[in-house]
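Structural features, examined
Here's the letter readout for the chains.
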Amino acid sequence: MAIAGAVVVPIKKEEEDRVIDKLNELDGVEVQQAGPKGIAVVLEADDPRTLKKISEKISKWEEVIEFELVYFNWEEC
């Protein structure tokens, strides 16, 4: 199981709700809280490769200016 904590920064504050809605639609993504520095999320997947794919997908959204990984843990089952 791979788990990561990240901060997603919308390009504009006005885009925050839209980004949160899109994040909530993704499997393995849980929105924790939105604050002045961005949206805190937890990502969970079976392996690090899947987490990387999810991260890259979010990073490419036009509403997102930055995706910052702040925590990563991976344990083999």
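Residues numbered from 1 in each chain as written. Predicted model: local features only at pLDDT ≥ 70, side-chain atom pairs only at ≥ 80, totals over all residues. Heavy atoms only, no water.

1. A few points about the environment of Glu66
Within the element layout of this structure, Glu66 appears in strand 4 (residues 64-74). Once residues within four sequence positions are removed from consideration, Glu66 is found in contact with Val7, Val8 and Val9. (Helix = DSSP H or I, 4+ residues; strand = E, 2+ residues; numbered from the N terminus. Contact = heavy atoms within 4.5 Å.)

2. A look at the side chain of Ser55
Mapping Ser55 onto the fold places it in helix 2 (residues 48-59). If sequence neighbours within four positions are ignored, Ser55 has contacts with Leu43 and Phe67.

3. Observations concerning the nonpolar core
Looking at soluble globular proteins, one finds that nonpolar side chains tend to be buried together. Residues Val8, Leu23, Val41, Leu43 and Ile58 are the most contacted members of the largest nonpolar core, which totals 19 residues. Put simply, the parts of the chain that give this core at least two residues each are strand 1 (2-10), helix 1 (16-25), strand 3 (38-45), helix 2 and strand 4. For Val41, the contacting residues outside a window of four places in its chain are Ala4, Gly5, Ala6, Val8, Leu23, Val29, Glu30, Val31 and Gln32. (Core = buried A, V, L, I, M, F, W, Y, C linked by side-chain atoms within 4.5 Å. Buried < 20%, exposed > 50% of the residue type's maximum accessible area, 1.4 Å probe, protein only.)

4. Comments concerning the pairing of strand 1
Taking burial as the measure, the nine residues of strand 1 include seven buried ones, the bulk of the element. By the bridge criterion, nine bridges tie strand 1 to strand 4 in an arrangement that is antiparallel. Following the sheet pairing, Val9 is matched in strand 4 by Glu66. (Pairing = 2+ DSSP bridges.)

5. Some remarks on the environment of Gly5
Its place among the elements puts Gly5 in strand 1. Take Gly5: its relative accessible area is 11%, and that puts it in the buried class. Excluding its chain neighbours within four sequence positions, the residues that come into contact with Gly5 are Val41, Glu68, Leu69, Val70 and Tyr71.

6. Quick look at helix 2
Between its first and last C-alpha, helix 2 extends 16 Å over 12 residues, near the 16 Å set by a 1.5 Å rise per residue. By the burial criterion, the buried members of helix 2 are Leu51, Ile54, Ser55 and Ile58. Taken down its axis, helix 2 places every buried residue within 100 degrees of arc, on the same side. In helix 2, those exposed residues whose orientation departs by more than 90 degrees from the buried face are Arg49, Lys52 and Lys53. Elements that come into contact with the buried residues of helix 2 comprise strand 1, helix 1, strand 2 (29-35), strand 3 and strand 4. (Expected span 1.5 Å × (residues − 1). Arc of directions from axis to C-beta.)

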